[in-house]
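# Analysis of the macromolecular model
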Amino acid sequence: MTTAAALVVATYSRRMQLLLPDGHRVDARIKGKRIKPVCGDRVEAEPIPGEADWLITTLCDRRNELTRPNLRGKVEVLAANIDRLLVMAAPAPDPDWSVVDRYLCAAELIDASAAVIFNKADLPASESVDEVLEDYKNIGYQAVRCSAKSGLNIDAVAGLLRDGVSIIVGQSGVGKSSLINRLLQDDRQRVAAISDKSGEGRHTTVNSAMLQLPGGGAVIDSPGVRDYAPALRPEEVVVGYREIAAAGRACRFANCRHLREPGCAVKAAVENKTISKRRYDSYRSRAARSSACHPSGAGGCERRSGQPLRCSS
Ligand code: GDP
Ligand code: ZN
């Protein structure tokens, strides 16, 4: 029997849609209860004789995973093998840059690249936005203003997404769904993913879908991904603010938290303005919040040696 290395492109509870190496899409079920593939997973699958369905037999190692605790307190994986987080803000709702920083931090921790998108460029925005976006560019993040409504700079956004698999994150109401619809140019894939092909009701609830973009690249969309809000432990905040982590290598103490320690290179960099004061304040309040959230280190992100980092909300 032939086995194929396939990509999970949609999930419906225990059923999935696979993209095969030859470009065909097939429906599949999972062998046994032990493996739990999610959108973005690479799997091995084989046809089932006499059936249209394929059978997923093996889950391949993940490069990273997006996780959150579920209602029973167990870790639920939302998506796997993410290359990029596109972090979105807008003039309305009022931009909360500390939320943007939190997502950028999460991207660093799962070793995904990240960019900042300021949507609703058709609406007036406060002057400070320019400065904030400039600060992001200075620390190596691409930052683009766009409008999902008017189409302004949508080509630039499509360019950011051209390679690999991305997710779009940000506060509710900033325009994530609108941007995805604009990038897809029409709703065909979304409708196709949600429609019930079998007519037996087994496909009616799509949990997540990987949408191929016309300009290249793909976006994983699901209610869980849209609500994704990573919790971060203090030690993760220290490594997730990239310019602070870089400057911190010159601190007197290797375990400097850049708060009140003497010989702190980060505080010196804030004073001489090589590190943005806003980012440093965001770092400090995130570090304080994360220790309040996780006094015993429970929950949040975990890096196990040799294993992908888990990052939960
Ligand atoms: P999400 O919660 O992040 O997915 O946001 P939605 O895509 O649902 O958009 C929230 C609201 O913002 C909707 O009323 C959209 O029509 C509106 N919206 C989205 N993009 C733009 C934009 O570029 N300009 C303006 N003016 N409104 C937008
Ligand atoms: Zn320091």
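Calculation notes
- Residues numbered from 1 in each chain as written.
- Chains lettered and ligands numbered in written order.
- Predicted model: local features only at pLDDT ≥ 70, side-chain atom pairs only at ≥ 80, totals over all residues.
- Helix = DSSP H or I, 4+ residues; strand = E, 2+ residues; numbered from the N terminus.
- Buried ≥ 20, exposed ≤ 12 C-beta atoms within 10 Å, placed from the backbone.
- Contact = placed C-beta atoms within 7 Å.
- Pairing = 2+ DSSP bridges.
- Arc of directions from axis to C-beta.
- Core = buried A, V, L, I, M, F, W, Y, C linked by C-beta atoms within 7 Å.
- pLDDT = per-residue confidence, 0-100.

## Description of the overall build of the protein chain
- Regarding its fold elements, the protein chain presents 10 helices and 14 strands.
- Burial status across the protein chain gives 39% buried among its 313 residues.
- Here the contacts in the protein chain between residues at least 6 apart in sequence split such that 64% fall between residues at least 24 apart.

## Some points on the pairing of strand β12 (residues 208-212)
- The pairing of strand β1 (residues 4-12) with β12 spans 2 bridges and is antiparallel. Within the sheet, the bridge partner assigned to A10 lies in β12 and is A209.
- For β12 and strand β13 (residues 218-221), the ladder comprises 4 bridges, and the chain directions are antiparallel. Considered in β13, the bridge of A209 is made with D221.
- Between the antiparallel neighbours β12 and β13 lie 5 residues, among them G216 with a positive phi of about 100°.

## Quick look at helix α4 (residues 176-184)
- Taken as a whole, α4 has its buried residues at K176, L179 and R182. Buried residues in α4, looked at end-on, bunch into an arc of 125°, giving them a common side.
- As for α4, its buried residues are in contact with β8 (84-89), α3 (154-160), β11 (165-170) and α6 (223-226).
- The first or second residue beyond α4 is Q185, which carries a positive phi of 70°.

## Here's the deal with the nonpolar core
- Counting 79 residues, the largest nonpolar core has A79, L85 and V87 as its most contacted members.
- The greatest single-element share of this core, amounting to 8 residues, is contributed by helix α1 (residues 97-109).

## Considering the pairing of strand β6 (residues 65-69)
- Of all 5 residues that make up β6, 4 are buried, and the element is covered over most of its length.
- As judged from the 5 bridges shared by β6 and strand β7 (residues 75-80), these two strands associate in the antiparallel manner. The residue of β7 that forms the bridge with T67 is V77.
- The antiparallel hairpin formed by β6 and β7 contains 5 residues in its connecting segment, where G73 sits at a positive phi of about 80°.

## Remarks on unusual backbone geometry
- For the peptide bond that leads from A92 to P93, omega is -5°, which places it in the cis range.
- Inspection of the secondary structure puts P93 in the loop between β8 and α1.
- The backbone of K120 sits at a positive phi, close to 65°, despite the residue not being glycine.
- Along the chain, K120 turns up in the loop between β9 (113-118) and α2 (128-138).

## Overview of the environment of L104
- Relative to the elements of secondary structure, L104 occurs in helix α1.
- Counting along the chain gives 10 residues from L104 to A114, while the straight-line C-alpha distance between them is 6.4 Å.
- Contacts of L104, omitting those with residues within four sequence positions, involve V87, A114 and Y141.

## Digging into the confidence of the model for the protein chain
- Model confidence for the protein chain is summarised by a mean pLDDT of 87, while 86% of its residues fall at 70 or above.
- Every residue in residues 194-203 scores below 50 in pLDDT, and together they form 8 contacts with partners more than four places removed in sequence or on other chains.
- Considering only residues more than four positions removed or in separate chains, one finds that residues 294-313, a stretch of pLDDT under 50, has 51 contacts.

## Quick word on the environment of A265
- Residue position: A265 is located in helix α9 (residues 265-271).
- The partly exposed category is assigned to A265, around which 19 C-beta atoms lie within 10 Å.
- A sequence separation of 14 residues divides A265 from C251, and the C-alpha atoms of the two residues are 4.7 Å apart.
- The residues contacting A265, other than those within four sequence positions of it, are A247, G248, A250 and C251.

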